[in-house]
Amino acid sequence: MKLSEIKAILPTLENVAFQLEDGTFVPEYFHVTEVGQINKNFIDCGGTIRNEKVVNFQLWNADDYEHRLKPNKLLSIIELSEKHLGIEDVEIEVEYQAGTIGKYDLEFNGENFVLKNKLTACLAEDACGIPSQKPKIQLTQLNSNTNTCTPGGGCC
């Protein structure tokens, strides 16, 4: 989800709720402690220089059990970040701690924001030497001269 998308959704909501992919919810008393832009400059394993940008939201649970972040408040935090930090309309990445800090993509299911699990990937698969798919062979192509057990052969 891009920043412009969440900005369009927030005014239509009465409450802001974040849900993990497994259906569990971030406690409703969460805080958004950071909104910013992260720029990542790196070289992949194939030697290609890459630059990625994401808007980062950090969710945090405190012992502030009465706290509820309203949509207009989150929208004002986003707009303040745009004004003072110059953040761009790029994909949103959410940091949320459940055991350790996790990074999630963000989607909206029509009612709640969903934290989607992110996966690592090789960006230069052609340079890694890892086949894109395991070769498939027919059992009839296997060498029949190998040690094999036969019924009554005493090998097992």
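For clarity, every value in this text was computed on a predicted model and none was experimentally measured.

(A) Up close: the pattern of salt bridges. On inspection of all chains with the given rule, the structure shows nine salt bridges. Here Glu93 makes a salt bridge to Lys118, at a shortest N to O gap of 3.1 Å. Here Lys118 lies in the loop between β6 (113-117) and α3 (125-128) and Glu93 lies in strand β4 (residues 92-98), a separation of 25 residues in the sequence. Take Glu93: its relative accessible area is 7%, and that puts it in the buried class. Residues Asp105 and Lys118 are paired through a salt bridge, measuring 3.2 Å at the closest nitrogen-oxygen approach. Of the two residues, Asp105 sits in strand β5 (residues 100-108) while Lys118 sits in the loop between β6 and α3, which places them 13 residues apart along the sequence. Exposure remark for Asp105: the relative accessible area of 32% places this residue in the partly exposed category. Connected through salt bridges with shared partners, the residues Glu93, Lys103, Asp105 and Lys118 form a single ionic network.

(B) Region of the structure containing the side chain of Asn112. Its place among the elements puts Asn112 in the loop between β5 and β6. Of the polar contacts made by the side chain of Asn112, one reaches the side chain of Gln19; its length is 3.4 Å. Apart from the residues lying within four places of it in its own chain, the contact partners of Asn112 are Ala17, Gln19, Phe25 and Glu107.

What counts and what doesn't
- Residues numbered from 1 in each chain as written.
- Predicted model: local features only at pLDDT ≥ 70, side-chain atom pairs only at ≥ 80, totals over all residues.
- Heavy atoms only, no water.
- Salt bridge = Lys/Arg side-chain N within 4 Å of Asp/Glu carboxyl O.
- Helix = DSSP H or I, 4+ residues; strand = E, 2+ residues; numbered from the N terminus.
- Buried < 20%, exposed > 50% of the residue type's maximum accessible area, 1.4 Å probe, protein only.
- Polar contact = N/O pair within 3.5 Å; in protein donor to acceptor, adjacent residues only side chain to side chain.
- Contact = heavy atoms within 4.5 Å.

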